[in-house]
Number of protein chains: 2
Amino acid sequence: MERERANPPRDAYRDPGGRTLADYPRPSVAVDTAVLTVPEGGALGIVLVRPGPGDDASARGRHRLPGTFLHEGERLAEAVLRSLRDKAGVTGLDPRQLHVFDDPDRDDRGRVLSVAHVVTVAARDLVIDETKVALVSVDRIPDLAYRHDAIVRLAVASLRAEYASVPDPRHLLEPPFTLHDLQALHEAIAGTRIPRDAFRRAMQGGLTETGRSRRGVVGKPARLFTIRSSS
Amino acid sequence: MERERANPPRDAYRDPGGRTLADYPRPSVAVDTAVLTVPEGGALGIVLVRPGPGDDASARGRHRLPGTFLHEGERLAEAVLRSLRDKAGVTGLDPRQLHVFDDPDRDDRGRVLSVAHVVTVAARDLVIDETKVALVSVDRIPDLAYRHDAIVRLAVASLRAEYASVPDPRHLLEPPFTLHDLQALHEAIAGTRIPRDAFRRAMQGGLTETGRSRRGVVGKPARLFTIRSSS
DNA sequence: CTAATAGTGTCTATCAGACACTATTAG
DNA sequence: CTAATAGTGTCTGATAGACACTATTAG
């Protein structure tokens, strides 16, 4: 796509009424992120910021999602990564946008648009400061500030839809892995049991056999798989 | 949800660094909307704003989606409805949010976040001013300004997903209607032919028979249906 | 009658779940 | 050997598409 970039000063544009961009009201824009992970052998969990003494009135005493305000020239995904760098020293995150929450009463500090995001973090990569944040199971969510519970619901539904028919789109498992490991991951995300043989058949199209097996535990050795690259 | 509303002045809040909300950069926020409709006996169409003499440099000579900047205290959905009131005198619209486009180079006028929306309009309700906008088939989209082609693709995919297994979630058809009418609608939205008997069986769970038939045309009279309320 | 469209019964391939069976290891 | 886990073959019921057939109208 060819585009001439004149790089004009910000106020060069005037609309039919003679107004510049600066004449339009500009809301504050925040990003708030649901950080989802599956701890070793656990259920689907989410990272929540603990309430603290510096919280404003509307958030007082309640957990909330990690978030930040958008900085000058910053992209939304960059703001998400920046906001998470403090809480979890993780890399390789891939924020996905969920929805913009624009309810004027959502935040008592003023008019704030919140662009909700979701990221998934492999349990092995999640490093959190337990004094600042808590890792909570998604079916034990406390009362959240800023109506963040709606973001949590969207994030969980989004992740479940993604994992419905694909082995590990968010790379939550370290390859190579066994079908047993993969099924445990899917059951944690879905929050339900999955029939063993149906699961195997649903997944095998998306997996590549390594030829190796996991030894050393009781029982028949399980074959190790990796994600099928593409086909 | 109980919340105390102190209704503080906008700058009352100070973050840990002592900054108020006003100290954060606040981008312009626009809404841009894909208006989708199925004209009588036609294919899925979209309303595009024609290029005009008042367009800024980056839009010059290219069609674009109807859009506007967010006004003070206005909700996103309200801005969408306001922007469409000029182009199409329609009511009962139900804007759905698709995605925020935050590419800094997307708009030469400055930093503008665009919150993309989609609405669907029944052909019988769509009144457009042909000098200002054009109704174009979605598979004959011209080169669009502000990278609006990405919004069109999202909007079409969203509508197709909605109609995949539900008779008429967006009320594009005036009830009562025949299965033939409904199938023509679905084929226009999907852009493909659909097997007649499979379609009937897929839809019949979501329909209520009226007991009446449509007469007056050649052939066996077709039964008239309405949408099943709920079950 | 013929042409045209609406409506239905049934066959088949596919797929998900249930279930029973075999396979291979630790101890 | 037993206990435990991995892996597979097959049955059944639900579903989608193909297809042929019947039904009812206009003219």
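Residues numbered from 1 in each chain as written. Chains lettered and ligands numbered in written order. Predicted model: local features only at pLDDT ≥ 70, side-chain atom pairs only at ≥ 80, totals over all residues. Heavy atoms only, no water.

Enquirer: Sorry if this is basic, but what is going on with the pattern of salt bridges here?
Expert: Here the idea is simple: oppositely charged side chains can pair when their charged atoms come close. Within this structure, the stated rule accounts for 30 salt bridges over all chains. With a shortest N-O distance of 2.8 Å, Asp102 of chain B and Arg75 of chain A are connected by a salt bridge. On the criterion of chain membership, the pair formed by Asp102 of chain B in the loop between strand S4 (96-101) and strand S5 (112-120) and Arg75 of chain A in the loop between strand S3 (67-69) and helix H1 (76-87) is interchain, its members lying in two chains. The shortest N-O distance in the salt bridge between Arg140 of chain A and Asp139 of chain A comes to 3.3 Å. When sorted by exposure, Arg140 of chain A lands in the same class as Asp139 of chain A, which is exposed. (Salt bridge = Lys/Arg side-chain N within 4 Å of Asp/Glu carboxyl O. Helix = DSSP H or I, 4+ residues; strand = E, 2+ residues; numbered from the N terminus. Buried < 20%, exposed > 50% of the residue type's maximum accessible area, 1.4 Å probe, protein only.)

Enquirer: Quick question: what am I supposed to make of the protein's contact with DNA strand D here?
Expert: For DNA strand D, the set of nearby residues contains 21 residues, the closest of which are Arg196, Arg200, Lys220 and Arg223 of chain A together with Asp197 of chain B. Taken together, the sugar and phosphate atoms account for 59% of what DNA strand D places within 4 Å of the protein. Contact between DNA strand D and Arg196 of chain A: a base oxygen at 2.8 Å from a side-chain N or O atom of the residue. In the environment of DNA strand D, a phosphate oxygen lies 2.7 Å from a nitrogen or oxygen atom belonging to the backbone of Arg223 of chain A. Put simply, the parts of the chain that give the surface near DNA strand D at least two residues each are helix H4 (196-203) and strand S8 (222-227) of chain A together with helix H4 (196-204) of chain B. Element by element, the count of residues in the surface near DNA strand D is highest for H4 of chain A, at four residues. Residues that form the surface near DNA strand D fall into these classes: eight nonpolar, three polar and ten charged. (Near = heavy atom within 4 Å. Polar contact = N/O pair within 3.5 Å; in protein donor to acceptor, adjacent residues only side chain to side chain. Nonpolar A, V, L, I, M, F, W, Y, C, P; charged D, E, K, R; others polar.)

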